[in-house]
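Here is how the chains run, residue by residue.
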Amino acid sequence: MTRITLDGGVKVRTFSPPPPGFHPLTASAAELTKHGFPARPDRPQHLERYGRLFDQIKNRFHYIEPTFQVNTKRRHGLAPKRDVVVQAGNENNLIWSGGLAFAPPGESFRWIVGQWMVPNVNAPTENQDYYSAVWIGIDGDGSPQSLDVCQVGINCDVSRSGTSVSRSFYPWWEWYQESADTGEVQITNLAVGPGDTVSVVICTAGAGATEATVFFANLTSGVGTSFVMEAQPGVNLVGNSAEWVVERPTVDGQISMLADYGEVFFSGCDAVSYLPDGSSSEVVGGGTEVYIDMVAFNTNILSHGILIAPTVVQCVYIGSE
């Protein structure tokens, strides 16, 4: 394992590639830890999901040791809320749309999973930059609202000039906290593009955790990577909320204009909560509790979150601000 310090003091640990013939479904627990793979769960429901993930890439899996770059001008943070209607299972805010789940009383989320197809994006107007970020994460909501967000996702950016359209897609991670944030961290050597299906797993020790192990796989290309992201000093996981989100990020200090991403389906949306002593756990589906609508400053809906099924969340682009 290699510990790297990036710009702004951001710390991350990477793992050496596994040997030829390595497979997470048959590797020992020590081998999984050594190479940064999620531990095989002991509960049948969790194990079944673990098996589905790695069965999709078992014959063509290629592991890479990730490289990173801090992008100080882009941040993915807390969702400023415009209106909350809990009774209707609905939450409106300025930058998020998607699905939201809360940990049961006395428990905290330790890990979250999600899978989605990278959307192609279009620019609603010419000579304007548009942005969208598709991610899963823990924290950032709840009552009281947790003030950190441990999140991993993909940026999908676009601009148009006449008939010329420029698009950019790349994976990133960030452990956001208002007082300690330095910007997103791009994974620079893992290619993603529109139409690719990606799967993300974030594993933590629950409430109080200061690090999170991430497994990120492009299921279309068969390329995967893993790493440990460390929170900035003074930042700890609360574990009270979990999200599957399409966001318009903050760019150069301003809330960006949302790209026309069409629609995104998050599947396999599960977050697992535990009691502090680990004696009991519960699986909470991303499509079972609250949907989030992204609204403009004039209250028009920009992006709609829909709870399709217990483990399926849909986000639909509605319109530009």
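Residues numbered from 1 in each chain as written. Predicted model: local features only at pLDDT ≥ 70, side-chain atom pairs only at ≥ 80, totals over all residues. Heavy atoms only, no water.

Colleague: Got a minute to help me understand the overall build of the protein in this structure?
Modeller: In terms of helices and strands, the protein carries 2 helices and 24 strands. Seen through its principal axes, the protein has C-alpha atoms that stretch 55 × 45 × 35 Å. Partitioning the contacts of the protein with sequence separation of at least 6, the portion at a separation of at least 24 is 70%. As displayed, the protein has an accessible area near 12800 Å², and 51% of this comes from carbon and sulfur atoms. Where the 19 positive side-chain charges of the protein centre and where its 33 negative ones centre are 5 Å apart. (Helix = DSSP H or I, 4+ residues; strand = E, 2+ residues; numbered from the N terminus. Contact = heavy atoms within 4.5 Å. Areas by Shrake-Rupley, 256 points an atom, 1.4 Å probe, with all protein chains shown as cover. Lys, Arg positive; Asp, Glu negative; His and termini not counted. Charge placed at Lys NZ, Arg CZ, Asp CG, Glu CD.)

Colleague: Where do I start with the sheet that holds strand β18 (residues 250-251) in this structure?
Modeller: Sheets are built from strands paired through backbone hydrogen bonds, the pairs being either parallel or antiparallel. Read across the open sheet, the 3 strands follow the order β5-β18-β19; overall the sheet is antiparallel. On the outer flanks of this sheet lie β5 (74-75) and β19 (254-255), each paired with one strand and no other. Here β18 pairs with β19 via 2 bridges, running antiparallel. Residue pairing for β19: threonine 250 is matched across the bridge by isoleucine 255. (Pairing = 2+ DSSP bridges.)

Colleague: Teacher, can you tell me more about the environment of glycine 21 here?
Modeller: Take glycine 21: it is sitting in the loop between β2 (11-14) and α1 (29-34). Considering only alpha carbons, one finds glycine 21 and phenylalanine 61, 40 residues apart in sequence, at a separation of 9.9 Å.

Colleague: Which parts of the structure should I look at to understand the pairing of strand β11 (residues 148-161)?
Modeller: Each regular strand displays side chains that alternate between the two surfaces of the sheet. Within β11, 11 of the 14 residues are buried, leaving the element largely enclosed by the surrounding structure. Here strand β10 (residues 129-138) pairs with β11 via 10 bridges, running antiparallel. Along β11, the bridge assignment pairs serine 132 with cysteine 156. Alignment of β11 against strand β12 (residues 164-177), held across 14 bridges, turns out to be antiparallel. Along β12, the bridge assignment pairs asparagine 155 with tyrosine 170. Count of turn residues in the β11/β12 antiparallel hairpin: 2 residues, of which glycine 162 carries a positive phi of about 65°. (Buried < 20%, exposed > 50% of the residue type's maximum accessible area, 1.4 Å probe, protein only.)

Colleague: Got a minute to help me understand the side chain of serine 146 in this structure?
Modeller: Along the polypeptide, serine 146 turns up in the loop between β10 and β11. Apart from the residues within four sequence positions on either side, serine 146 is in contact with Leu78, Asp139, Gly140, Asp141, Val238, Asn240 and Ser241.

Colleague: Whenever I open this one, the packing of aromatic side chains confuses me. Can you help?
Modeller: Under the defined criterion, the tally for this structure stands at 9 aromatic pairs. Feature note: the residues Phe22, Phe37, Tyr63 and Phe215 constitute an aromatic cluster, connected by ring pairs. (Phe/Tyr/Trp six-rings, centres within 6.5 Å; stacked < 30°, edge-to-face > 60°.)

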